[in-house]
Amino acid sequence: MLVIKNLTKRFNGQPIVEGFDLTVPSNGFTVLIGPSGCGKSTFFDLLMGIVPMDQGDLSWRGQTVIALKALAAYMQQSDLLLPWLTLERNACLPADVAGVPPKQSAARVEALFVKLGLEGFAHYLPAMVSGGMRQRCALARTLMFARDLVLLDEPLSSLDAITRRQLQAYLLLLQTEFKKSILMVTHDVEEALLLADDLLVLTAAPMRICERFRLDMPKPRDIADRSFLEIKARVLARLEKEASW
Amino acid sequence: MLVIKNLTKRFNGQPIVEGFDLTVPSNGFTVLIGPSGCGKSTFFDLLMGIVPMDQGDLSWRGQTVIALKALAAYMQQSDLLLPWLTLERNACLPADVAGVPPKQSAARVEALFVKLGLEGFAHYLPAMVSGGMRQRCALARTLMFARDLVLLDEPLSSLDAITRRQLQAYLLLLQTEFKKSILMVTHDVEEALLLADDLLVLTAAPMRICERFRLDMPKPRDIADRSFLEIKARVLARLEKEASW
Amino acid sequence: MKRSFLFPLALFLVVLTAWEAFCRLGGIPDFILPPPTRILRVALGDAAILLPHAGITLVEILAGIALALTVAIPLAVGMHAQPAVERALAPFLIASQAVPVFALAPLLVVWLGYGLASKVLMAGVIIFFPITVSLLEGFKSCDRNYRILFQLMGASKLQALRKLYWPWALPYFFAGLKVGVSVATIGAVIGEWVGAQQGLGYVMIQANARLKVDLVFAAILWLSLMGVGLWALVGIIEKRWLWWKDASDSE
Amino acid sequence: MKRSFLFPLALFLVVLTAWEAFCRLGGIPDFILPPPTRILRVALGDAAILLPHAGITLVEILAGIALALTVAIPLAVGMHAQPAVERALAPFLIASQAVPVFALAPLLVVWLGYGLASKVLMAGVIIFFPITVSLLEGFKSCDRNYRILFQLMGASKLQALRKLYWPWALPYFFAGLKVGVSVATIGAVIGEWVGAQQGLGYVMIQANARLKVDLVFAAILWLSLMGVGLWALVGIIEKRWLWWKDASDSE
Amino acid sequence: QDMTLMLDWFPNVDHLPVFVAQEKGYFAAEGIQVKILSPSDTSDALKLAVAGKVDLAVSYEPQTIMAASEGLPVHVAGRLVAHPLTTLLFLKERGYPSPSALSGKTIGYTVPGLMDVLLQAFAKINGIGDYTAVNVGFNIVPALTSGQVDAVMGPFKTYETVTMAAKGIEAAYFELEHWGIPDYDELIFICGAETWAKKSDAVQAFMRAVARGLEDAHNQPGAALQAYFKAVPDVDQAIERAAFERTRPYFARTQTIDQERWQTFADFALEHGLIDHPVKVATLLAP
Ligand SMILES: Nc1ncnc2c1ncn2[C@@H]1O[C@H](COP(=O)(O)OP(=O)(O)OP(=O)(O)O)[C@@H](O)[C@H]1O
Ligand SMILES: Nc1ncnc2c1ncn2[C@@H]1O[C@H](COP(=O)(O)OP(=O)(O)OP(=O)(O)O)[C@@H](O)[C@H]1O
Ligand SMILES: [Mg+2]
Ligand SMILES: [Mg+2]
């Protein structure tokens, strides 16, 4: 369980995150949705310790931690692939750094690439593949971290509807199968509703939780389901209300 | 009118675009939708002359052209903001290059930024704003080109639903008001249906048009409309059928 | 802030002490390597004599840097704009670095006489090279996607240079400039081989001929101080010009 | 391919012709600047004498480059890893560039004698500097986001160096290395001031003292050829190591 | 016994007697084996000899007196060239009848710290007024022919004149010792005081061998020159031969060092600012 208390961050006096409290259960799917520029990525950066917080307390599984640095796998919004490594070598990086033998990690990446539709592109350079493929490679790299907590910042934003749906299913599987805690940012309400156990609708900066939806419909969910459509309408209405500019 | 004939491109013998024909009317909204990695960005790059075509003929308003280089404004998939310029200076670049007086272009960018929800961020550096804001800045820069043909490669992919809808409305306005021809790639079927006069559903690489939808419902369209939902279902079904991996 | 200078200072003192001990105990005679205390005594004691010479050398260094910049920047730009120009000029530039002073000095004397010009030219020849090479490498490293962006905007070569290539290559430029200002000191000294009447280089030759090795090293000390000062200055300018890097990295 | 060498070749011939004309018509005496034809005649005519010397100088240059790399890379790494180390060492490094040979030569003789070592050291001192500075600047230019990525992976400093900083700084490294190999020629020549009995530098000083200016320039010609060759070699290595740039840029 | 000798400059005809001694086995006959080195700078040889890094060095009397004035423990071992070769040299076409004709002219000098001071003294003694002094380094010929300077203090009357003649330039000069500068030994052999204390036998043996070389230079010039050419092959023989002819008269005939003459020069040096501290020549020559 990840407990966040009173998280606060200002840039040049401008509060971006202020007095933010959140509890994320171990083994659950928490989705954040909110207007562009509200502070979601900053929030993740704060959790990871990439950006120093002004205030706030974190604890993971009961223990106070300064940041999640070594505890979580984090997929940032930009892909950050190293241009001089092939997709395969890029995805293997976390394993390489952890000292996993290259053969072993290559095999794992190969399996992942099949799942993510990157089969046959293992030896391409990042500059030689499409935006969506780069994003999938970055996702593969994130999944190569052997960590229980996964933060995903708009991981599927550049993918077409069909691929997206397949990867959503895969993420779901991952979370339930391997009992990971996933914290994910998305702009796609449907995606959020398909995956989330907990859906947080956020306000514009300074970011606050304006509404929290606990979704206990069984997964996989059906987007044509009535209760699904109903809650979707509610979430959209909430978002609309929040959008002020 | 943009006429594309027999456009072909191979990478290392692998065909990405092959014998592609397309006619884009002046003053219309053409949307391309297709699986990630199918060749949409490459297609735009070919049109712009960024990637040399193996074969193919282009003509714009009846005149044969080698590439659209100086004829079209192109928003690439990655934002390509210069990290040393503020958002405002980035957006002003095309005007600066064209020799527009800085004051004049700054005023136009200011107005654009208001429309795109970037008010107050004119003097921020790209590294200091969110992913969605960078994308909007890149869009603003594209709109600063004084060109009749606009190519947009997933221009709104990092934006939340609400902002996205507002910008869709703005793009629509732009196209109808200023009689621009817009060619746009998106992964969002709803977005495609909201904006398109012509919707092309593409196959996986090598990219071909697997189905073409002419949409003559009046704009702005209502996503809850029956005919809208119907065509949406058809498009989704078509996409699903195409997805083979 | 204060602590961050503790280690450098400590190391500095350790090195000087080791050197001093080495000279005094290791039996290295003063006229081969004087101990630092002696160098310092002469550097400060004869400051009144050395400083006017140092001033002249500084003028030569600064003029040499100015000359080098005037040459290096257009050269790098031209070589980048036209690969043929690069291929054509590179051998000459490289050759310019292989010519020792004494081969060039007579020519400089005939052309420029014994004034400041020959010294500045000599210094310039040494300084311009690292700047040109680094800048050229920087231009070449510019990301293709940005280059295309400028093409699509219909930017002229000059516009692309000003708005894209130049800012892009700035870190490279500063790397080259740092090398340049550091070798500028020896550049000016070498220039003073050529018929100087003053300057630290002149002092050094004179002191060397008169076997006043401590004076030679005192002059080197002053030269080094100039080098460090110029380096620091370039560092400050770099920080200013690349302010966006710091601003972008802040947190 | 062939045409791309036309212009360089043309320029080369124009420069040589101008030089020749300048010497013959401009009344520049041979002992100040010999015409190229004469230099060429001596360079080729005395090749049998010059080549063994050139071989020795080449060995010194290569050893100097090897020494410089051995020093420059750890130095840049250390200075990057610890800003305090940078602040501590920078003044010494800069000072090392301000010391003229004649001040150092007796010391080198005392320490290293008359063998190859003193020459290689002298050359190394001149070559290592641009490499260190460029590499350090390259390390520093590494994008913060990537640095963070490696932190989050829990990469050790060594891992980050090997997998991130080093490849990132490679273009800078090559800029420095290109400067380095170009000044390596003069570095070795200067090294040969220190009690050499052979090498092109030795030939040059001797020829100069005997007013055989054409021999001096013939030696410079050979040196320049070496410099150009080394430069080209570095260019080839660069293209190989940075293959991903070409691959990424292809179309 | 192994000995090292460092020359003052690159091997040239001034050093001929040394090479003759080497080639003809005079050193071997004295039971020593001599390794001959060239320096990187004219002051290196003396420094390294005094530091004990080489056993012997070829030096100049003025340089040695300056070293002594700076407190270097130097010992004078013997002589090579017994009179000044240094001149105030100019193009013959200028035809200056006497030094005072150079008043108001630009005069170059070769070695700052030495030749500039000598020039000053020379000018004062010979009434050269209002001249401009320029450091020309060793770019003597270009400086003169391009008209940048009217005369140069420092060229050797035995060497520069010959090389200039080979290029078709005729030179004329004023000899220092004829114009008021005290006579001195141009080239001498020195060693460190410590070396002298420890190896005086070997040093004396060396000097005996060199003395034989000097004798040969005087008495069998042809053979001596051949020996020199054998030892130093890559030189322009015509020039060296001519230079040798001019140098021959100045080669030392005896190894007896005239202490009084030395002291006169040392006093002169102090008076004219060549040295800062008085030098007692006797200490340099002490047995
Ligand atoms: N270094 C910085 N300096 C100043 N302001 C910053 C800095 N970094 C982020 N901000 C501000 O913080 C706010 C939130 O940015 P953040 O990237 O967290 O948004 P986001 O919710 O991830 O948006 P998006 O959905 O567009 O990715 C923005 O208004 C941005 O301008
Ligand atoms: N330089 C290149 N070398 C080799 N293959 C390339 C190169 N550039 C693109 N490709 C290939 O072309 C295909 C299409 O890429 P493109 O970027 O056009 O896809 P896309 O349709 O835009 O995908 P996305 O929706 O993910 O952005 C990919 O399979 C990619 O690997
Ligand atoms: Mg974000
Ligand atoms: Mg794409």
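Refer to the structure above for everything that follows.
All of the points below concern the structure found in this document.

Some words on the site of ligand 2
The immediate surroundings of ligand 2 are formed by 21 residues, with Ser130 of chain A together with Gly37, Lys40, Ser41 and Thr42 of chain B found nearest. One of the side-chain N or O atoms of Ser130 of chain A is found 2.6 Å from an oxygen atom in ligand 2. When the free accessible area of ligand 2 is taken as 640 Å², the share hidden by the protein chains comes to 94%. Of the residues that constitute the shell around ligand 2, the class distribution is eight nonpolar, 11 polar and two charged.

Here we look at the interface of chain E and chain D
A common way to state how big an interface is: give the accessible area lost once the parts meet. Facing 27 residues of chain E, the contacting portion of chain D comprises 19 residues. For the pair chain E and chain D, the two sides together bury roughly 2000 Å², of which 65% comes from carbon and sulfur. Ranking the residues of chain E by area buried against chain D places Phe10, Ser40 and Lys167 of chain E at the top, with a combined share of 26%. At the boundary of chain E and chain D, one finds one residue pair in polar contact (both at pLDDT 80 or more). Only α3 (44-50) and α6 (140-145) of chain E provide two or more residues apiece to the side of chain E that touches chain D.

Let's talk about the interface of chain D and chain C
Across the boundary between the two partners, chain D contributes 65 residues, which contact 65 residues of chain C. For the pairing of chain D and chain C, the buried interface totals around 5700 Å² over both sides, and the portion due to carbon and sulfur atoms is 76%. The largest share of the area that chain D buries against chain C comes from Ile94, Phe102 and Glu137 of chain D, three residues that together contribute 11% of it. Among the ionic pairs, Glu137 of chain D bridges to Lys178 of chain C, the shortest N-O distance being 3.3 Å. For the pair chain D and chain C, the number of links is two residue pairs in polar contact (both at pLDDT 80 or more).

Describing the coordination of the magnesium ion (ligand 4)
With distances of 1.9 to 2.1 Å, the protein atoms coordinating the magnesium ion (ligand 4) are Ser41 of chain B (OG) and Gln77 of chain B (OE1). A residue pair is termed long-range when its members are at least 10 positions apart, and Ser41 of chain B in helix α1 (residues 40-48) and Gln77 of chain B in the loop between β6 (72-75) and α2 (87-98) qualify at 36 residues.

Quick notes on the pattern of salt bridges
Opposite charge on two side chains permits pairing when their charged atoms draw close. By the definition in use, this model includes 57 salt bridges over all chains. The salt bridge partner of Arg10 of chain B is Glu18 of chain B, with a shortest N-O separation of 3.2 Å. Of the residues examined, Arg10 of chain B reaches a relative accessible area of 36% and is grouped as partly exposed. Glu18 of chain B gets classed as partly exposed once you look at its relative accessible area, which sits at 32%. Between Asp96 of chain B and Arg89 of chain B there is a salt bridge, and its shortest N-O distance comes to 2.7 Å. Each member of the salt-bridge network shares a partner with another, and the members are Arg79, Asp183, Asp185 and Arg261 of chain E.

Things to note about empty space enclosed by the protein
The tally for this structure, following the rule as stated, stands at nine cavities of 30 Å³ or more. The calculated volume of the second largest cavity comes to roughly 80 Å³. Forming the walls of the second largest cavity are Tyr74, Met75, Gln76, Ser78, Asp79, Leu80, Ala138, Arg141, Thr142 and Phe145 of chain B together with Leu149 of chain C. When contributions to the lining of the second largest cavity are tallied by element, the ones reaching two or more residues are β6 and α4 (131-143) of chain B. In terms of residue count, α4 of chain B provides more of the lining of the second largest cavity than any other element does, three residues in total. Classifying every residue of the lining of the second largest cavity by side-chain character gives six nonpolar, three polar and two charged.

Regarding helix α4 (residues 83-96) of chain D
Each α-helix turn comprises 3.6 residues. Residues three or four places apart therefore point the same way. Across its 14 residues, α4 of chain D extends 20 Å between first and last C-alpha, which sits within 8% of the 20 Å expected from 1.5 Å per residue. At Leu89 of chain D, α4 of chain D shows its largest kink, close to 35°, and the proline Pro91 of chain D lies no more than four residues downstream. Of all the positions in α4 of chain D, only Ala84, Glu86, Ala88, Ala90, Leu93, Ile94 and Ala95 of chain D are classed as buried. Against the buried residues of α4 of chain D lie α1 (6-25), α8 (157-191) and α10 (213-241) of chain C together with α3 (47-81) and α6 (116-140) of chain D.

What counts and how
Residues numbered from 1 in each chain as written. Chains lettered and ligands numbered in written order. Predicted model: local features only at pLDDT ≥ 70, side-chain atom pairs only at ≥ 80, totals over all residues. Heavy atoms only, no water. Near = heavy atom within 4 Å. Polar contact = N/O pair within 3.5 Å; in protein donor to acceptor, adjacent residues only side chain to side chain. Areas by Shrake-Rupley, 256 points an atom, 1.4 Å probe, with all protein chains shown as cover. Nonpolar A, V, L, I, M, F, W, Y, C, P; charged D, E, K, R; others polar. Contact = heavy atoms within 4.5 Å. Buried area = accessible area lost by both parts, 1.4 Å probe. Helix = DSSP H or I, 4+ residues; strand = E, 2+ residues; numbered from the N terminus. Salt bridge = Lys/Arg side-chain N within 4 Å of Asp/Glu carboxyl O. Donors = N, O, S within 2.8 Å, 3.2 Å for Na, K, Ca; no water. Buried < 20%, exposed > 50% of the residue type's maximum accessible area, 1.4 Å probe, protein only. 1 Å grid on protein atoms, 1.4 Å probe; cavity = no way out; pocket = protein on both sides within 12 Å on 5 of 7 lines; lining within 4 Å. Points joined across faces, edges and corners; volume = space filled by probe spheres on them. Expected span 1.5 Å × (residues − 1). Bend = angle between axes of the 7 residues up to and from the residue.

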